[in-house]
Number of protein chains: 2
Amino acid sequence: MSRATIKDLAKKLGVSPSTISRALSDHPDISENMKEKVRLVAEELNYTKNRRASGLRKNESNIIALIIPEINMFFMPELIYGVNLEAEKSGLSVAIFQSDNSLEKEKELLKYCLEMSFCGVLLCLSVETKNLSHIDKITKKEMPVVLLDKVLNTQNYSTITIEDELAGYQAAEYLHQKGHSSILSIFGNPDLSITNLRKDGFNKALQNYTDFPSKHISLEIENILSLDSELETILTSNKNISAIFCMSDELLVNTHHLLMRMEYKIPEQISLLSISDGFVPYYLYPNISHLHHSGFEVGVVAVNELLENQTDNPNHIKVKTKLFEMESVKEFY
Amino acid sequence: MSRATIKDLAKKLGVSPSTISRALSDHPDISENMKEKVRLVAEELNYTKNRRASGLRKNESNIIALIIPEINMFFMPELIYGVNLEAEKSGLSVAIFQSDNSLEKEKELLKYCLEMSFCGVLLCLSVETKNLSHIDKITKKEMPVVLLDKVLNTQNYSTITIEDELAGYQAAEYLHQKGHSSILSIFGNPDLSITNLRKDGFNKALQNYTDFPSKHISLEIENILSLDSELETILTSNKNISAIFCMSDELLVNTHHLLMRMEYKIPEQISLLSISDGFVPYYLYPNISHLHHSGFEVGVVAVNELLENQTDNPNHIKVKTKLFEMESVKEFY
DNA sequence: GGAAAACCCGCAAACGTTTGCGGAGGTTTT
DNA sequence: AAAACCTCCGCAAACGTTTGCGGGTTTTCC
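This is a predicted model, so every value here is computed, not measured.

Criteria and thresholds
Every chain's residues receive numbers from 1 upward, in the order its sequence appears when written. Chain letters and ligand numbers both follow the written order, the letters beginning at A and the numbers at 1. The model is predicted, so local features are restricted to residues of pLDDT at least 70 and side-chain atom pairs to those at 80 or more, both for listing and for counting; the totals for chains, interfaces and linings are taken over all residues. For side-chain calculations, the full set of non-hydrogen atoms in the structure is used, while hydrogens and water are omitted. It only takes one pair of heavy atoms within 4.5 Å for two residues to be counted as in contact. Two parts placed together each lose some accessible area under a 1.4 Å probe, and the buried area is that loss summed for both. In what follows, salt bridge is the name for a side-chain nitrogen of Lys or Arg lying within 4 Å of a carboxyl oxygen of Asp or Glu. Whenever two N or O atoms come within 3.5 Å, that pair is a polar contact, provided that in protein one can donate a hydrogen and the other can accept it, and provided that, for residues adjacent in sequence, both atoms are side-chain atoms. Categorising residues by exposure relies on relative accessible area from a 1.4 Å probe, with only protein chains included: less than 20% of the type maximum marks a residue as buried, more than 50% marks it as exposed, and the intermediate range marks it as partly exposed. Helix numbers and strand numbers start at the N terminus; a helix is a DSSP run of H or I with at least 4 residues, a strand a run of E with at least 2. Least-squares fitting of one copy onto the other uses the C-alpha atoms of those residues that reach a pLDDT of at least 70 in both copies. Whether a residue is near a molecule or strand is decided by its heavy atoms; if any one of them lies within 4 Å of it, the residue is near. The residue classification treats Ala, Val, Leu, Ile, Met, Phe, Trp, Tyr, Cys and Pro as nonpolar and Asp, Glu, Lys and Arg as charged. All others, Gly included, are polar. Buried residues of nine kinds, namely Ala, Val, Leu, Ile, Met, Phe, Trp, Tyr and Cys, make up a nonpolar core once their side-chain atoms join them within 4.5 Å. What counts as a domain boundary in this text is fixed by an automatic or database domain assignment. In this scheme Phe, Tyr and Trp rings, the latter by its six-membered ring, pair at centre separations within 6.5 Å, and the angle between planes marks the pair as stacked below 30 degrees, edge-to-face above 60, and tilted otherwise. Here, any two strands with at least 2 DSSP bridges between them count as paired. To define axes, lines are fitted to C-alpha atoms, for helices over the stretch in contact only, and angles between the resulting N-to-C directions are given on a 0 to 180 degree scale. Any cysteine sulfur atom paired with another within 2.5 Å is treated as part of a disulfide. Roughly parallel refers to an angle under 35 degrees, roughly antiparallel to one over 145, roughly perpendicular to one between 65 and 115, and oblique to any angle outside these ranges. The crossing is said to be left-handed when, going from far helix to near helix, the turn is anticlockwise and less than a right angle, and right-handed when the turn is clockwise.

Now for the interface of chain B and chain A. Facing 56 residues of chain B, the contacting portion of chain A comprises 56 residues. In this assembly, chain B packs against chain A so that about 5200 Å² is buried in total across both faces, 57% of it on carbon and sulfur atoms. Looking at the side of chain B facing chain A, the largest losses of area belong to Arg 52, Tyr 283 and Tyr 285 of chain B, adding up to 17% of the total buried there. Taken together, chain B and chain A are joined by 6 salt bridges. The partner of Lys 105 of chain B in a salt bridge is Glu 88 of chain A, with the nearest N and O atoms 3.4 Å apart. Taken together, the links from chain B to chain A amount to 20 residue pairs in polar contact (both at pLDDT 80 or more).

Attention now moves to the pattern of salt bridges. Two side chains bearing opposite charge may form a pair once their charged atoms approach each other closely. Summed over the entire model, instances satisfying the criterion amount to 35 salt bridges over all chains. A salt bridge links Glu 60 of chain A to Lys 58 of chain A, with the shortest nitrogen-to-oxygen separation between them at 3.4 Å. Taking the relative accessible area as the measure of exposure, Glu 60 of chain A reaches 47% and is therefore partly exposed. With a shortest N-O distance of 3.2 Å, Lys 265 of chain B and Glu 263 of chain A are connected by a salt bridge. Taken together, the residues Lys 265 of chain B in the loop between α11 (249-261) and β9 (271-276) and Glu 263 of chain A in the loop between α11 (249-261) and β9 (271-276) connect one chain to another.

Moving on: the relation of the copies chain B and chain A. Laying chain B over chain A is done by rotating through 180° and shifting 0.1 Å along the axis; what remains is an RMSD of 0.2 Å. A rotation of that kind, with that shift, is consistent with a two-fold axis. Taken together, the interface assignments show that 100% of the residues at the interface of chain B recur at the interface of chain A, consistent with an identical surface on both copies.

For the rest of this paragraph, the subject is the environment of Gly 120 of chain A. Residues and elements named next belong to chain A. Along the chain, Gly 120 falls in strand β3 (residues 120-123). Considered as a pair, Gly 120 and Asn 196 are 76 residues apart in the sequence and their alpha carbons are 31 Å apart. Beyond its immediate sequence surroundings of up to four residues, Gly 120 is in contact with Ile 63, Ile 64, Ala 65, Met 143, Pro 144 and Leu 306.

In the region of DNA strand C, 24 residues are neighbours, and Thr 19 and Arg 22 of chain A together with Ile 6, Tyr 47 and Arg 57 of chain B sit closest. Near-protein atoms of DNA strand C (within 4 Å) split between backbone and bases, with sugar and phosphate holding 58%. A distance of 2.6 Å is found between a base oxygen of DNA strand C and a side-chain nitrogen or oxygen belonging to Arg 22 of chain A. Side-chain polar atom of Arg 57 of chain A to a base nitrogen of DNA strand C: 3.0 Å apart, as the coordinates give it. Broken down by element, the residue count for the surface near DNA strand C peaks at 4 residues, all from helix α4 (residues 51-58) of chain B. Each residue belonging to the surface near DNA strand C can be placed in one class, and the counts come to 7 nonpolar, 9 polar and 8 charged.

Moving on to the nonpolar core. Of all hydrophobic cores here, the largest spans 88 residues; its most connected members are Ile 186 and Ile 244 of chain A together with Ile 186 and Ile 244 of chain B. Non-local contacts of Ile 186 of chain A, meaning those with residues more than four positions away in its chain, are made with Leu 219, Ile 221, Leu 227, Leu 231, Ile 244, Phe 245, Cys 246, Met 247, Leu 251 and Thr 255 of chain A. Counting 49 residues, the second largest nonpolar core, distinct from the first, contains Leu 79, Val 298 and Val 303 of chain A together with Val 83 of chain B.

Right, let's get into the domain arrangement of chain A. According to the domain assignment, chain A consists of domain 1 (1-48) and domain 2 (164-293). For domain 1 of chain A and domain 2 of chain A, the distance between their C-alpha centroids amounts to 65 Å.

So, about the packing of aromatic side chains. Under the counting rule described, the total for this entry stands at 13 aromatic pairs over all chains. When the centroid spacing of 6.1 Å and the interplanar angle of 20° are considered together, the rings of Tyr 283 of chain A and Tyr 283 of chain B count as stacked. Here Tyr 283 of chain A, found in helix α12 (residues 280-283), pairs with Tyr 283 of chain B, found in helix α12 (residues 280-283), and the two come from separate chains. Each of the two residues, Tyr 283 of chain A as well as Tyr 283 of chain B, counts as buried. Ring plane angle 40° and centroid distance 5.6 Å describe the contact between Tyr 81 of chain B and Phe 296 of chain B, whose orientation is recorded as tilted. Of this pair, Tyr 81 of chain B sits in helix α5 (residues 75-89) while Phe 296 of chain B sits in helix α13 (residues 295-308), and the two are 215 residues apart along the sequence. On the basis of relative accessibility, which here comes to 28%, the residue Phe 296 of chain B falls in the partly exposed class. What links up through ring pairs into an aromatic cluster is the set Phe 97, Tyr 112 and Phe 118 of chain A.

This part covers the sheet that holds strand β6 (residues 183-187) of chain B. All names here are of chain B. Taken together, 6 strands build an open sheet; the order of strands is β7-β6-β8-β9-β10-β12 and the sheet is mixed. The two strands at the open ends of the sheet, each matched to only one other strand, are β7 (216-220) and β12 (322-324). Sheet twist, expressed as the average angle between the axes of neighbouring strands with direction ignored, equals 15°. Sheet topology note: the β6/β7 ladder contains 5 bridges and is parallel. Opposite Phe 187, over in β7, you have Glu 220 as the bridge partner. Strands β6, β8 (243-246), β9, β10 (289-292) and β12 of the sheet are contacted by helix α8 (residues 164-177), whose axis makes an angle of about 160° with β9.

A few words now on the sheet that holds β9 of chain A. Residues and elements named next belong to chain A. Strand order in the open sheet made by the 6 strands is β7-β6-β8-β9-β10-β12, with mixed pairing throughout. Sheet topology places β7 (216-220) and β12 (322-324) at the edges, where each strand pairs with a single neighbour. Direction aside, neighbouring strands of the sheet carry axes that sit 15° apart on average. Pairing of strand β8 (residues 243-246) with β9 involves 4 bridges; the strand directions are parallel. Across the sheet, Cys 246 pairs through a bridge with Ser 274, a residue of β9. On the sheet, helix α8 (residues 164-177) packs against β6 (183-187), β8, β9, β10 (289-292) and β12 and is oriented at approximately 160° with respect to β9. Contacts from helix α9 (residues 193-208) reach β6, β7, β8 and β9, with the element oriented near 160° to β6.

Turning our attention to the state of the cysteines. Two cysteines whose sulfur atoms are joined by a covalent bond form what is called a disulfide. Residues and elements named next belong to chain B. Per the counting criterion, the structure on display carries 0 disulfides over all chains. A disulfide-free cysteine, Cys 124 has its sulfur positioned 14 Å from the sulfur of Cys 113, the nearest such atom. What makes Cys 124 buried here is its relative accessible area of 2%.

All right, on to the packing of α8 of chain B against helix α9 (residues 193-208) of chain B then. Residues and elements named next belong to chain B. Relative orientation of the contacting elements α8 and α9 amounts to 40°, with a least axis distance of 7 Å. Taken together, α8 and α9 sit at an angle that is classed as oblique. The two elements α8 and α9 meet at a crossing, and its hand is right-handed. From α8, Asp 164, Glu 165, Gly 168, Tyr 169, Ala 171, Ala 172 and Glu 173 reach across to α9, where they touch Ile 194, Leu 197, Arg 198, Asp 200, Gly 201, Phe 202, Lys 204, Ala 205, Leu 206 and Asn 208. A class-by-class count of the residues in the contact of α8 with α9 yields 8 nonpolar, 3 polar and 6 charged.

Before going further, it helps to examine the protein's contact with DNA strand D. Every one of the 25 residues lining DNA strand D counts as a neighbour, but Ile 6, Tyr 47 and Arg 57 of chain A together with Thr 19 and Arg 22 of chain B are closest to it. A share of 57% is what sugar and phosphate atoms reach among the atoms of DNA strand D within 4 Å of the protein. Ser 18 of chain A places a polar side-chain atom, nitrogen or oxygen, 3.4 Å from a base oxygen of DNA strand D. Here a phosphate oxygen of DNA strand D sits 2.4 Å away from a polar atom, N or O, in the side chain of Tyr 47 of chain A. Listing elements by their share of the surface near DNA strand D, those giving two or more residues are α1 (6-13), α2 (17-24) and α4 (51-58) of chain A together with α2 (17-24) and α4 of chain B. Broken down by element, the surface near DNA strand D gets its largest block of residues, 4 residues, from α4 of chain A. Residue classes in the surface near DNA strand D are distributed as 7 nonpolar, 10 polar and 8 charged.

Below you can see the structure in the form of structure tokens.
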């Protein structure tokens, strides 16, 4: 037994399918009397509209796709929430797809979205994606695409990203303001643009404050496994370090572990500040002060950009981070 | 300029649309010669199939929906990964939707999935959902539904869940095996079935081991905010407690914080064991031994159940947890 | 009372794809 | 040489919905 169609309702009521269709969409040409009858019989036969047929005929879609490399535990949940909330305001649904960080799968999904005639795609690039040529090749501008979070330089698509440089700047600024002058900063993979942006911002602040001493050690960690030993070496030979800055959650967790193992008291013996997606700082003890980047806002802004900017002038929007003062940084005199 | 259709290719080649369609799907009735010409002109005009039209005509879908209450940082990423991987094996895509823990939105999404003619729905119930009547009311058995993770008792749908009772049992068993006899166990909201299952399992193990002393304190936390004070009271008045068991990540984090604040050394002064989704134990110091429940496996099993069991005999499958021995439990003599 | 509105509904084509059937042309079989 | 067969393709209907147009019936207005 297959689903009831408009034709079934029409037959049952002895009217034409057009009348049913119009009645269901509350068209003024149809009498209230008839509309009521249609509603009743639709209920009775448990009619549900066929969106494939409807979409085909009307050539419109009300679903936007969100393609992400993987659903990690930090940034993505918030981002998805933001996208959902904002899409809902426009009566749109969101379908999420996962590229598993594979360029090949990213292509497949893009093609799929086009074939499904979604009204737009929010794309968070996979790590394998090094340029954007595949997007045009697949979509041929037939479907709007907005890049978010993980992006590449482009003049063809709007991008929504985090204000990484400012976040780095504010981190250094905050530590300076708290009186710290002997600082260890830890950065991640130097191949990633976020690493360099955050580092540039951090260093720019250091230069701005002339009363900042030269006593600033910077660490670049390519492989997280090497953090432990490198960090321990530095800490033991630089007893005067009063604060550590970590540019990411991953570095934060590992740094925190080492500090605990070395029996440092935070923040009494050493202060700790990070840039974070928002959860890890609450798990650790004590809770870690951090510059929070809001996936939520990125999601909201991205949906708006997708829906509103139908021109060929892409915007490049950066979402600011926000300082959360918790318990891991103390005033230093 | 809209997308090229089969008709456009047909016109360009001076053949009929049927030929194009068959050529594209590699039908044996079409000569290799013609197929090649079609491929070329399809490339040239950048043809992409219209899945709405195709699905409408063929009345088949290759996309399964996954409805989840929210994308949290623990269980869901793994689950989504499992679902994706298993669906891909059958050439299916996965669309993820978020109900925001709202029953109303859950209904809307179910309706939407039906209207989109998806080939099936994996449903993780929202917290607001107290019975399953809405599912039948909406889908009318026109679309297979499998419940996973957050489920309710039912004879109408297959369910895939975690072996909660066994997890509780194994936790107690493990602590006993490690020589602990004075144990504090902490459970969450007693309204949730997982709470009671885990608790039942835990207590069952306690009874099995006759050499377990009566010195076992159990705590039920309805509001996480009250954990701190209650726990502190118990710990200060029961100095001989050698191990704490937490039934969830949330309880674990809060318990761990209090222990740190009270300057307990883990595991030297007190052992800590939990049931976990897999991330928190690695963030905390030291890493926490835990019974891990695999969202991944739940996802894999759920897809298989959805695709294979098209009968009216629902299965109720429970996925076992697995012990991860880390650094938070020591032998106690 | 006649004309013009207003109201209500049906006809039929269209969205893009798929597919059963049939048939023209050529090759092989009897 | 007729029959049987194979190859390759077109015709047309169908999936379920929407919508421009047109027309019949009732109401309104001067």
